[in-house]
Amino acid sequence: MFTVNVKKCIGCGRCVKDCFASDIEMIDGKAHIKNEACIKCGHCIAICPKDAVSTDEYSMKDVLPYDKKDFEIDADTLLNFIRFRRSVRQFKDKEVSEKKILKIIEAGRFTQTARNLQEVSYTVVKEGLRKLEGLALESLKAKGEFILGDENLKDEQLKRYAASWIKMYEHFQGSPDKKGGLFFNAPLVIVVSANSDVNGSLASSNMELMAAALGLGTFFSGFFVRASKGDKKLRDFLEIKEGHEIVTCMVIGYPDVKYHRTVPRKEAEVVWK
Ligand SMILES: Cc1cc2nc3c(=O)[nH]c(=O)nc-3n(C[C@H](O)[C@H](O)[C@H](O)COP(=O)(O)O)c2cc1C
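Being a predicted model, the structure only gives us computed values, none of them experimental.

### Quick word on the overall build of the protein
And then number 1: Secondary structure summary: the protein contains 10 helices and eight strands in total.
And then number 2: What you see for the protein is a C-alpha radius of gyration of 23 Å, clearly larger than the 19 Å of a compact globule of 273 residues, by over 25%.
And then number 3: Seen along its three principal axes, the alpha-carbon backbone of the protein occupies a region of about 75 × 45 × 45 Å.
And then number 4: When each of the 273 residues of the protein is scored for burial, the buried share is 35%.
And then number 5: Across the protein, every contact between residues at least 6 apart in sequence was considered, and the portion connecting residues at least 24 apart equals 74%.

Next comes the structure, spelled out in structure tokens:
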């Protein structure tokens, strides 16, 4: 339930005006939350000038008062940060602390979701990395053989990928003590699953920026996501919830590579009307 402390409420109506679900009414000059259509977005908590709104559904410790010096990023710095981020595929032989892993997940947790459903889950894989890689490569090998067996397929890039999956699988089988090529030599993978691709992707994007801010490197393994499609063994191993799909697989570790500059990109295709 979301509630208004009537002793603190000054009846300014800001929460009523900003409530997307129109779930707040004024009664005798005080805001009253009906908790009928409420989507628990927390705008009423954030907007109240008197800190009169609270909930027992989430931890109120999540609520931080705004302080310009801690909450603002200069736009040019932000853009530079986005521009300088790279997919990292070379990692140091160094563990990532639980504190940093949890901070990356916090960046996902505070990302917006459609209807504020917050149906995004995270599976952190460290000890089980070789097992996970084995399962994924088994799946990719089968998918690769299927692709290469299709004589009508014209996608040469996909055929190259398919051949590389089979090679990776064989390499992995031949070196039981080592990691294969799928996750390079990363110490950690976070698999993001969600009820919607958009929700999972938005969370993942913020998580990647957080990883970079923590001095870590990441790449998204599309190969892994492809491996997971329709693969019950992988889903079960990762404990993916019913109704969730694996959206991203973030391969994370300390970068063993240094970039000296940003990279060029295609011009943006923009339509102005
Ligand atoms: C959805 C998605 C899937 C990707 N899959 C892989 C992958 O399977 N293996 C890999 O090495 N890189 C993968 N990448 C990384 C891209 O190759 C990389 O983002 C792109 O080449 C641009 O390089 P940058 O990230 O350094 O800017 C993936 C990226 C995205 C966004």
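### Points about the sheet that holds strand β6 (residues 188-194)
And then number 1: With respect to topology, four strands assemble into an open sheet ordered β5-β6-β8-β7, the strand pairing being antiparallel. A single partner strand is all that each edge strand has here, and the edge strands are β5 (120-125) and β7 (217-220). With strand direction ignored, the average angle separating the axes of adjacent strands in the sheet is 25°.
And then number 2: Relative to strand β8 (residues 245-253), β6 is paired through seven bridges, and the arrangement is antiparallel. Opposite Ala194, over in β8, you have Glu245 as the bridge partner.
And then number 3: Here helix α5 (residues 98-109) sits on the sheet in contact with β5, β6 and β8, set at roughly 165° to β5.

### Comments concerning the site of the ligand
And then number 1: Close to the ligand lie Arg85, Arg86, Ser87, Arg89, Phe219, Phe220, Ser221, Gly222, Phe223 and Arg265.
And then number 2: One nitrogen or oxygen atom from the main chain of Gly222 is found 2.8 Å from a nitrogen atom belonging to the ligand.
And then number 3: Arg265 has a polar side-chain atom sitting 2.6 Å from an oxygen atom of the ligand.
And then number 4: Here the ligand, which alone exposes 620 Å², has 57% of that area covered by the protein.
And then number 5: Elements represented by at least two residues in the shell around the ligand include exactly β7 and α9 (222-228).

### Thoughts on a nonpolar patch on the surface
And then number 1: Among the surface-exposed residues, Ile73, Leu78, Leu79 and Ile82 lie close enough to one another that they form a single nonpolar patch of about 360 Å² accessible area.
And then number 2: Here Ile82 lies in helix α4 (residues 75-84).
And then number 3: Ile82 sits in the partly exposed class, given a relative accessible area of 42%.

### Overview of the nonpolar core
The tendency in soluble globular proteins is for nonpolar side chains to be buried side by side.
And then number 1: Counting residues in each nonpolar core, the largest one holds 31 residues, and the members touching the most others are Phe183, Val189 and Phe224.
And then number 2: When residues of this core are traced back to their parent elements, those giving at least two are α6 (129-148), α7 (156-174), β6, α9, α10 (232-238) and β8.
And then number 3: Apart from the residues lying within four places of it in its own chain, the contact partners of Val189 are Thr123, Val124, Val125, Leu129, Leu132, Phe183, Cys249, Met250 and Val251.

### Let's talk about the packing of aromatic side chains
And then number 1: All told, the structure shown has six aromatic pairs when counted by the stated rule.
And then number 2: On the basis of an interplanar angle of 85° and a centroid distance of 6.4 Å, the ring pair of Phe2 and Tyr58 is categorised as edge-to-face. Separated by 56 residues along the polypeptide, Phe2 in strand β1 (residues 2-4) and Tyr58 in the loop between β4 (53-55) and α3 (68-71) bring together distant segments of the chain.
And then number 3: A relative accessible area of 1% places Phe2 in the buried class.

### Notes on the pairing of strand β3 (residues 30-33)
And then number 1: Alternating residues of β3 divide into Ala31 and Ile33, all buried, and Lys30 and His32, none buried.
And then number 2: Note: strand β2 (residues 24-27) against β3, four bridges, orientation antiparallel. Across the sheet, residue Ile24 finds its bridge partner in β3, namely Ile33.
And then number 3: Hairpin connection between β2 and β3: a loop of two residues separates the two successive antiparallel strands, and Asp28 in this loop has a positive phi of roughly 50°.

Here is what the cut-offs are and how they apply
Residues numbered from 1 in each chain as written. Predicted model: local features only at pLDDT ≥ 70, side-chain atom pairs only at ≥ 80, totals over all residues. Heavy atoms only, no water. Helix = DSSP H or I, 4+ residues; strand = E, 2+ residues; numbered from the N terminus. Rg over C-alpha atoms; globule rule 2.2 N^0.38 Å. Buried < 20%, exposed > 50% of the residue type's maximum accessible area, 1.4 Å probe, protein only. Contact = heavy atoms within 4.5 Å. Pairing = 2+ DSSP bridges. Axes fitted to C-alpha atoms, helices over the stretch in contact; angles between N-to-C directions. Near = heavy atom within 4 Å. Polar contact = N/O pair within 3.5 Å; in protein donor to acceptor, adjacent residues only side chain to side chain. Areas by Shrake-Rupley, 256 points an atom, 1.4 Å probe, with all protein chains shown as cover. Patch = residues over 30% accessible without salt bridge, like charges linked within 9 Å, V, L, I, M, F, W, Y side chains within 5 Å. Salt bridge = Lys/Arg side-chain N within 4 Å of Asp/Glu carboxyl O. Core = buried A, V, L, I, M, F, W, Y, C linked by side-chain atoms within 4.5 Å. Phe/Tyr/Trp six-rings, centres within 6.5 Å; stacked < 30°, edge-to-face > 60°.

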